[in-house]
Structures are given as structure tokens and as C-alpha cells.
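# Inside the fold
Below are the chains, spelled out letter by letter.
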Amino acid sequence: MTQESDQWPLWEVFVRGRRGLTHQHAGSLYAADAQMALENARDLYTRRQEGISIWVVPSNSITASSPTEDGSFFEPAADKVYRHPTFYPIPEGVENL
Amino acid sequence: MAMNSERETESRTPVAEDPLEQGFWDKIRDEIRIEPKDWMPDAYRKTLIRQIAQHAHSEIVGMQPEGNWITRAPTLERKIGLLAKVQDECGHGLYLYSAAETLGVSREELLTALHEGRMKYSSIFNYPTLSWADIGAIGWLVDGAAIVNQISLCRNSYGPYARAMVRICKEESFHQRQGFGIMLALAQGTEDQKAMSQDALDRWWWPTLMMFGPHDSESSHSEQSTAWKIKRQSNDELRQRFIDITVPQADHLGLTIPDPELKWNEADGHYHFGEIDWDEFWAVVKGGGPCRRQRIKTRVDAHEKGQWVRDAASAYARKHSSRQKAA
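Residues numbered from 1 in each chain as written. Chains lettered and ligands numbered in written order. Predicted model: local features only at pLDDT ≥ 70, side-chain atom pairs only at ≥ 80, totals over all residues. Heavy atoms only, no water.

Glancing now at the overall build of chain A. Check the secondary structure of chain A and you find two helices and three strands. Tracing chain A from N to C terminus, the helices and strands come up as β-β-α-β-α. Relative to its length of 97 residues, chain A is extended, with a C-alpha radius of gyration of 21 Å against a globular reference of 13 Å. The dimensions of chain A, computed from C-alpha atoms along their principal axes, are 75 × 35 × 15 Å. Counting across all 97 residues of chain A, residues that qualify as buried make up 25%. When contacts within chain A are restricted to residue pairs at least 6 apart in sequence, those whose partners lie at least 24 apart make up 43%. Taken as two groups, the 8 positive and 13 negative side-chain charges of chain A have centres that lie 10 Å from each other. (Helix = DSSP H or I, 4+ residues; strand = E, 2+ residues; numbered from the N terminus. Rg over C-alpha atoms; globule rule 2.2 N^0.38 Å. Buried < 20%, exposed > 50% of the residue type's maximum accessible area, 1.4 Å probe, protein only. Contact = heavy atoms within 4.5 Å. Lys, Arg positive; Asp, Glu negative; His and termini not counted. Charge placed at Lys NZ, Arg CZ, Asp CG, Glu CD.)

As a further point, take the pattern of salt bridges. Under the counting rule described, the total for this entry stands at 21 salt bridges over all chains. R48 of chain A serves as the salt-bridge partner of E171 of chain B, at 3.7 Å between the closest nitrogen and oxygen. In this pair, E171 of chain B sits in helix α7 (residues 159-187) while R48 of chain A sits in the loop between α1 (34-45) and β3 (53-58), so the two residues belong to two different chains. Classification of E171 of chain B as buried rests on a relative accessible area of 4%. (Salt bridge = Lys/Arg side-chain N within 4 Å of Asp/Glu carboxyl O.)

All names here are of chain B. Tracing the backbone through its elements, the reader meets I230 in the loop between α9 (222-227) and α10 (235-253). Residue classification places I230 among the buried positions, given a relative accessible area of 1%. For the pair formed by I230 and C154, sequence separation is 76 residues and the distance between their alpha carbons is 9.7 Å. With sequence-adjacent residues up to four places away left out, I230 is seen in contact with Y44, T47, L48, Q51, L153, N156, S157 and S225.

This part takes up the confidence of the model for chain A. Chain-level statistics for chain A give a pLDDT mean of 85 and a share of 94% at 70 or above. Per-element averaging of pLDDT across chain A places helix α2 (residues 70-78) of chain A at the bottom with 73 and β3 of chain A at the top with 96. (pLDDT = per-residue confidence, 0-100.)

Here we come to helix α2 (residues 19-29) of chain B. Residues and elements named next belong to chain B. For α2, the set of buried residues is Q22, F24, W25 and I28. Down the axis, α2 shows its buried residues gathered within 155 degrees of arc, on one side only. Where α2 is buried, its residues touch α3 (42-67) and α9. Two or three places before L20, at the opening of α2, D18 has a side-chain oxygen 3.0 Å from that residue's backbone nitrogen. Where α2 ends, the next residue or the one after it, E31, has phi of about 60 degrees, a positive value. (Arc of directions from axis to C-beta. Polar contact = N/O pair within 3.5 Å; in protein donor to acceptor, adjacent residues only side chain to side chain.)

A separate point is the sheet that holds strand β2 (residues 24-30) of chain A. All names here are of chain A. Spatial ordering of the open sheet is given by β2-β1-β3, a layout of three strands whose pairing is antiparallel. What marks the edges here is a single partner per strand, and that holds for β2 and β3. With direction set aside, neighbouring strand axes in the sheet form an average angle of 25 degrees. Where strand β1 (residues 10-16) and β2 come together, six bridges link them in antiparallel fashion. Counted as the bridge partner of E12 is S28 from β2. (Pairing = 2+ DSSP bridges. Axes fitted to C-alpha atoms, helices over the stretch in contact; angles between N-to-C directions.)

Counting residues at the interface gives 21 residues for chain B and 21 residues for chain A. At the surface where chain B touches chain A, the tally comes to four salt bridges. If you look at where chain B meets chain A, you find seven residue pairs in polar contact (both at pLDDT 80 or more). Put simply, the parts of the chain that give the side of chain B that touches chain A at least two residues each are α4 (76-101), α5 (107-115), α7 and α13 (307-326) of chain B. Within the side of chain B that touches chain A, the residues separate by chemical class into six nonpolar, five polar and 10 charged. (Nonpolar A, V, L, I, M, F, W, Y, C, P; charged D, E, K, R; others polar.)

Residues and elements named next belong to chain B. Summing up the model confidence of chain B, the mean pLDDT is 92 and the portion of residues at 70 or higher is 94%. When pLDDT is averaged over each element of chain B, helix α8 (residues 191-210) comes out on top at 98 and helix α1 (residues 5-11) at the bottom at 50. The ipTM, which scores confidence in the relative placement of chains, is 0.78 for this predicted complex, and the corresponding pTM is 0.89.

Turning to a nonpolar patch on the surface, a few remarks are in order. Taken together, the side chains of V81, Y82, F87 and Y88 of chain A define a hydrophobic patch exposed on the protein surface, amounting to about 410 Å² of accessible area. As for its position among the elements, F87 of chain A is in the segment after α2. (Patch = residues over 30% accessible without salt bridge, like charges linked within 9 Å, V, L, I, M, F, W, Y side chains within 5 Å. Areas by Shrake-Rupley, 256 points an atom, 1.4 Å probe, with all protein chains shown as cover.)

Attention shifts here to unusual backbone geometry. Residues and elements named next belong to chain B. The phi torsion at E31 lies on the positive side, around 60 degrees, for a residue other than glycine. Position of E31 among the secondary structure elements: in the loop between α2 and α3. Using a relative accessible area of 46% as the deciding quantity, one classes E31 as partly exposed. Despite not being glycine, K229 has its phi angle at roughly 55 degrees, a positive value. Turning to its location among the elements, K229 is positioned in the loop between α9 and α10.

A few words now on the packing of aromatic side chains. For the structure shown, the criterion picks out 12 aromatic pairs over all chains. Measuring from centroid to centroid gives 5.8 Å for Y45 of chain A and Y95 of chain B, while their planes differ by 20 degrees, and the two rings are stacked. Residue Y45 of chain A is located in helix α1, and its partner Y95 of chain B is located in helix α4; the two belong to separate chains. Here Y45 of chain A matches Y95 of chain B in class, with each residue buried. Between Y44 of chain B and W228 of chain B, the ring centres sit 5.6 Å apart and the planes meet at 85 degrees, which makes this aromatic pair edge-to-face. Of this pair, Y44 of chain B sits in helix α3 while W228 of chain B sits in the loop between α9 and α10, placing them 184 residues apart in sequence. (Phe/Tyr/Trp six-rings, centres within 6.5 Å; stacked < 30°, edge-to-face > 60°.)

Written out as C-alpha cells, the structure is:
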């Protein structure tokens, strides 16, 4: 028998650690609404004080680049070595550059 | 004594006509993880769904034998430690259900299969916990065996399963230390306490060894799972590793492992041990464990009696969202 709870949306959980600067993906869970998702995420993914901030996002709000397109999707950046500081030689003796 | 199963696999990596299938085998060969949106053989998908879900079911059912002693833990410290462990097991079940669901199966399907007896869980949890010392024995031995198995699984080819294993391994080591700590306190306690801890070891030792499964020669799935790199080490290798690690721990406790043939072998650097009672093994795997019916009944009752919580959450969400729309 299918219950209403079988139709709950899936949420992705992102946690920022005590000393972290960014939220990291921790996992996912089903919940009826955002508040329930947040509380369950706290109980599931921060039992050992792993985080001081949690974001929950409905999974279908996330658009992700495709793993199989990895190469071609990101290709333009691969041959633009002039975007890196190391491409530009600095004469010896010049400082603070 | 150790099989070099990995080298054998490399020489057997197949060549496929279909470029998608070839891509799959190239990833397997090159230790690149297979991810949910990648092409994979149907049989690989089905095998993983079964294995990961049964692993998840084991975590949830495993909460029962230990939950049995929460109200009777001897001290407050032991009680909160046991509560935390059981809570962890629930979380582990969830990480694993999430991993299984990436393969295209729903939570409802998996739970229904468990409740209707169409999917299994680790038979070790069909044994009863008869004394407080059993909680120590389970933490030390059963979690110890699970750790050996799970460390190996951290290198399995399916990304979500491997990552779930890494997270679980981090949390599992507290479980084993907690169990060992209980055994130590009992083994160094009164004569009655020591006898209780020895009795628990006597009852849990062989079932723990059975957790690693049959000899690989008797296991129909081993060869395919090894080719797919789901299985990275043989059952016998993992069992041997567990024994080699655990015997010195038993010596430290001053307890006797119930195997008269157990003996250190200097020549190959392993503990040799007696033969497992394979009749008992197969009987239990086929559903003969003493608590099997009780475990399923308790699980089904918990699910059904919790329906009102799920209904309330759904009703609240509906009411809240229609209020927001009206505002």
C-alpha cells in the first residue's frame, strides 16, 4: 500500500564545519517539508559536532553538470594556461609581485 | 594463505563490442568509480541493489538485539553509550538505503521486501542477547568483523556505496572500543562477571566467524562480484584477518576463545583455526536463526505503529504549505 510518506520529496544536505569556509555535501534524506528536513539532517549528519550550519535543498532544485560530459563541458579552460600566475616570469630581485 | 584475487582479475577484464559497456569495464580496470548516472550492466545494478539494501536492513534489524539492553544497562554511562551506538546504527542504515536508492529503487520497495521476507539481512542478528555481556561481545566481535569487511568495501567499484562505507567506518570504531571496554570491565571484575563475559564469548565467537560467509569455493556470487570489483578480498581472507586481529585481544582480556584447534602458525604468520559448523551456517542463513521471526515482527510492528508520525508530518506540511499559499 502506498502511503503519503512514500511521496515525500528528497532533500540534499550540505554542512559547514566549525572551521570550514564552505558547505560540503553530506548526503540526502526524505522529509515532508523543509523544517523536518533540517531537523533530521542535524540528527543524521551532525551527531559528532561535524557542523555549525546546515542547508537543505530539494534535490530537484539542483542542476548538475553531467559526469560523462566532464571533458568537453570544461574543455575551454584546459588550454588557457595564461590564467595562472606561474605563466608570467618575474625577474629575480623584484618583490611583492 | 592469501589469494591474490586482484591480480587474477586484471588479466580477466573483458573487452566489449558496445562502447558503453567497454567504458564500464575501463573504469573498473582503472579504479574509477562507477556513479549513478553511468552505464552499468543490469546484473551489476541488481547485485548492488540487493547487497547494499541487505546491508542497510542489517543495520536497522541490528538495532534490536542491542536495544534490548538499553533499559538494563548497569550504569548511566553505559546506557548513554549504548543509546548512541544504536542511534548510529540507524544512521548507517539510512546512508545505505540512500546509496541503494541511487540505483533506481524506492525506500518503500526495499522495506516491503524486508517485511515480506523477500530480502535478507545479516543472520548474526537472529541470535538473542542473553546477558549484558552480550552487548560487550557484540561491540567487540560483531562490530569488529563488520569493520574488517567494511574497510575492504571502501574500495568497491560503486561510488555511493564506497563513500557510505568511509563514513560508516569512521563511526564504527567507537562501537568496537565500547564493546571491548565492557568485556574488559567484566573480565577483570568478580568471578560471576568474568564467567558472564566468557559465556558471551562462547556463544558469539562462531556466529561472528560465519558473518564472513562460506568458503569462496562454496559461494556462487564471489567470482562475478570480484570481476566487478564489488568484492575486493575473499571471504576467507577477511575471516583470517579478523581472527589474527582478535586473538591477541582475547588474550589481553584473559578469556578463552572456544576453539580447541586455534593455534598460531609461525610458518605462515596466521592463527590456524577449527572448521566452522557449516550445517549451522546454512540452517541459519536459510532462516533458522532463533530470533528471526521475532526480529521481523518487531520491525513490521515498529513500521506500522509509526505510521501516525509519518501521517502527522505529512498533514502538518500540507496545512503549512496551503497557509503560505493563502497568505
